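What follows is the residue order along each chain.
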Amino acid sequence: MRIVCVGAGPAGLYFAISAKLRDAGHEITVFDRDPPAATYGWGVVYWDDLLDVLYRNDPESAREVSARSVLWQDQEVRVHGSCGEQTAYFGGYGYSMSRSALLDVLARRASQLGVDIQYGHHVAALSTLPEADLLVAADGAHSRIRGHHEAFGTRIDVGLNPYIWLGTDQAFRSFVFSFERTSAGWIWFHAYPSVAGISTCIVECSPQTWHGLGLDVLAPDQGVRLLEDIFKRALDGHRLLSRSRGAPAHWQRFAHVTNKTWYHGTTVLVGDAAHTTHFTLGSGTRLAIIDGIVLAHSLSEYLHVEDALREYDRHRRAELHPVQAAARTSMAWFEHLDQYIDRDAVAFAHAMSVRHGGQNPWHYQLHLATQIATVRTARRAFATGRRWYLARRRGEGKYNQSRQTTGP
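In this text, all values refer to a predicted model and were calculated from it rather than measured experimentally. (Residues numbered from 1 in each chain as written. Predicted model: local features only at pLDDT ≥ 70, side-chain atom pairs only at ≥ 80, totals over all residues. Heavy atoms only, no water.)

**Regarding the overall build of the protein chain**
Across its full length, the protein chain holds 13 helices and 15 strands. Its C-alpha atoms give the protein chain a radius of gyration of 22 Å, near enough to 22 Å, the size a compact globule of 408 residues would have. In terms of principal-axis extent, the alpha carbons of the protein chain reach across some 65 × 50 × 40 Å. Relative to its 408 residues, the protein chain shows a buried fraction of 54%. Restricting to contacts in the protein chain with at least 6 residues of sequence separation, those with at least 24 account for 74%. (Helix = DSSP H or I, 4+ residues; strand = E, 2+ residues; numbered from the N terminus. Rg over C-alpha atoms; globule rule 2.2 N^0.38 Å. Buried < 20%, exposed > 50% of the residue type's maximum accessible area, 1.4 Å probe, protein only. Contact = heavy atoms within 4.5 Å.)

**Some points on the environment of Tyr 340**
Along the chain, Tyr 340 falls in the loop between α10 (305–335) and α11 (345–353). Between the C-alpha atom of Tyr 340 and that of Ala 378, which follows or precedes it by 38 residues, the distance is 29 Å. Those residues in contact with Tyr 340, other than ones at most four positions away along the chain, are Trp 333, Phe 348 and Ala 351.

**Thoughts on the confidence of the model for the protein chain**
Predicted confidence across the protein chain gives a mean pLDDT of 92, with 95% of residues reaching 70 or more. Note on residues 398–402: pLDDT under 50 across the span, and six contacts to partners over four residues away in sequence or across chains. Predicted confidence is poor over residues 404–408, with pLDDT under 50, and the contacts of this stretch with residues over four places away or in other chains come to 21 contacts. (pLDDT = per-residue confidence, 0-100.)

**Let's talk about the packing of aromatic side chains**
To describe a pair of aromatic rings, you give the distance between the ring centres and the angle between the ring planes. Applying the stated criterion to the full structure yields 18 aromatic pairs. A ring pair is formed by Phe 172 and Phe 189, whose centres lie 6.0 Å apart and whose planes are at 50°; its orientation type is tilted. With Phe 172 in the loop between β8 (155–168) and β9 (175–182) and Phe 189 in strand β10 (residues 185–195), this residue pair connects regions lying 17 residues apart in the sequence. Looking at Phe 189, the relative accessible area reads 0%, which means it is buried. In this structure an aromatic cluster arises from ring pairing among Phe 179, Trp 188, Trp 333, Phe 334, Tyr 340 and Phe 348. Lying across the ring of Tyr 89, Arg 376 places its NZ or CZ 3.7 Å from the centre. (Phe/Tyr/Trp six-rings, centres within 6.5 Å; stacked < 30°, edge-to-face > 60°. Lys NZ or Arg CZ within 6 Å of the ring centre and 35° of its normal.)

**Quick look at the pattern of salt bridges**
Overall, the coordinates contain 26 salt bridges when judged by the stated rule. Linking Arg 68 and Asp 104 is a salt bridge whose minimum nitrogen-to-oxygen distance equals 2.8 Å. Highlighted residues: Arg 68 in the loop between α3 (59–67) and β4 (70–81) and Asp 104 in helix α4 (residues 99–112), separated in sequence by 36 residues. Overall, Arg 68 belongs to the partly exposed group, its relative accessible area being 34%. Residue Asp 307 pairs with Arg 310 through a salt bridge whose shortest N-O separation is 2.9 Å. With a gap of three residues between them, Asp 307 and Arg 310 both fall in helix α10, about one helical turn apart. On the accessibility criterion, Asp 307 (29% relative accessible area) is partly exposed. Classification of Arg 310 as partly exposed rests on a relative accessible area of 39%. Salt bridges here are not isolated pairs; linked through shared partners, they connect Asp 48, Asp 52, Arg 386, Arg 393, Arg 394 and Glu 396. (Salt bridge = Lys/Arg side-chain N within 4 Å of Asp/Glu carboxyl O.)

**Overview of the packing of α3 against α4**
Packing of α3 against α4 leaves a shortest axis separation of 10 Å and a crossing angle of 160°. Classified by the interaxial angle, the pair formed by α3 and α4 is roughly antiparallel. Along this stretch, α3 crosses α4, giving a crossing that reads as right-handed. Judged by residue contacts, Glu 60, Ser 61, Glu 64 and Val 65 of α3 engage Leu 102, Val 105, Arg 108, Arg 109 and Gln 112 from α4. Class assignment of the residues belonging to the contact of α3 with α4 gives a composition of three nonpolar, two polar and four charged. (Axes fitted to C-alpha atoms, helices over the stretch in contact; angles between N-to-C directions. Parallel < 35°, antiparallel > 145°, perpendicular 65-115°, else oblique. Left-handed = near helix turned anticlockwise from the far one by under 90°. Nonpolar A, V, L, I, M, F, W, Y, C, P; charged D, E, K, R; others polar.)

**Topic: α4**
In a regular helix each residue adds 1.5 Å, so 14 residues correspond to 20 Å; α4 covers 20 Å between its end C-alpha atoms and thus fits that length. Where α4 is concerned, the buried positions are Ala 101, Leu 102, Leu 103, Val 105, Leu 106, Ala 107, Arg 109 and Ala 110. In this structure, the buried residues of α4 make contact with α1 (10–22), β3 (43–46), α3, β5 (84–98), β6 (116–118) and α9 (284–301). In the segment just after α4, Gly 114 is the residue with positive phi, at about 100°. (Expected span 1.5 Å × (residues − 1).)

**A few points about helix α2 (residues 48–57)**
A large share of α2 lies buried, amounting to eight of its 10 residues. Those residues of α2 not exposed but buried are Asp 48, Leu 50, Leu 51, Asp 52, Val 53, Leu 54, Tyr 55 and Asn 57. Turning to α2, the residues buried within the fold contact α1, β3, α3, β5, α9 and α13 (373–393).

**Describing the sheet that holds strand β1 (residues 2–6)**
The mixed open sheet is built from six strands, whose spatial order is β6-β2-β1-β7-β15-β14. The sheet is open, and its two edges are formed by β6 and β14 (263–264), each paired on a single side. Here three bridges tie strand β2 (residues 27–31) to β6, and the two strands are oriented parallel to one another. Bridge pairing in β6 places Thr 29 opposite Asp 116. (Pairing = 2+ DSSP bridges.)

**Examining the nonpolar core**
If you look at the biggest cluster of nonpolar residues, it comprises 72 residues, and the most contacted ones within it are Phe 15, Leu 134, Val 136 and Leu 295. No other element matches α9, which puts nine residues into this core. Here Leu 134 is in contact with Met 1, Arg 2, Ile 3, Val 4, Phe 15, Thr 266, Val 268, Leu 299, Val 305 and Leu 309, once residues within four sequence places are set aside. Membership of the second largest hydrophobic core comes to 22 residues, among which are Phe 189, Cys 201, Ile 230 and Leu 235. (Core = buried A, V, L, I, M, F, W, Y, C linked by side-chain atoms within 4.5 Å.)

This is the structure we're talking about:
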């Protein structure tokens, strides 16, 4: 089959890998408008469930992803308000890696399997693409390919809160939420380690705070310097980094993308072109990769392309419906932060942890216990054993202790 894929992000590249693994005879070309290694943003976060999927589908690239990831343990919620600084804690752990490192791993693996990746290729019109049996639109939330067909029934709802995706040379070891009260209102960041010495730092606030602080009119570098001053305690004097690919990061509002169908004729959507989930859910990369696997599997199971696309659409849209609903709930919770943040840090952190609903009755008692240092130590020890077991089960071999970090 001749396949053209537009977009060399995680969805497009991992689809190409998965399709080639199932049928090496596919002729797959991936076009991307950017040069190699160019990417917006800093780090991506994921959990053991994604590693399980990667090892089942392609152990070779999974080992590379695992080796280039860092581990974070525990989550801190720091609230700096009129009563001074308060900190609450969650348990748990996760992994993260720089987005550029992830794309490097996937691009090299795809090329090794015979995928033709053409960078610096801007697709201005469908007529400029070579003839193919299948066109895969993996070109993001504002997909140009998707825009050529009204049949997708695309809807884009824009969130209220402005946010900016930055980096910092503060090497966080935990997943940190830091909330600061300013004269214009509350502003906060979500931060986690991405690579040695660098962390991702996503800053968010209400529109009122954004305008009140002048972030809507300040030049990019001036805005970053203001944020450094606001978060100087949380950053411990470290810098915020804006230029991940030469151009400075810019403020934006989250685009929540849904589609009534994910395929039309022989054109199919994957990743953010098909769906988006708010960054507070931390699932975008995992969902994009699974899109690629499911699409490749459907193509290998059905003789006719249309039958394969119909099954992919039915299966994945059904799976994504509750995930996107949870993401919308999470986004709305942060958009109405003022309703919750007047509580003490422990109660506020609990409200944050149950914002999706469906928690067990004993959840609050466990949350209270986690505020005790000895309990956190015990939970981390249990998590270490669990990581060792899961790594062995998926065939990682000897668990790499050097990836571990120590939470507070």
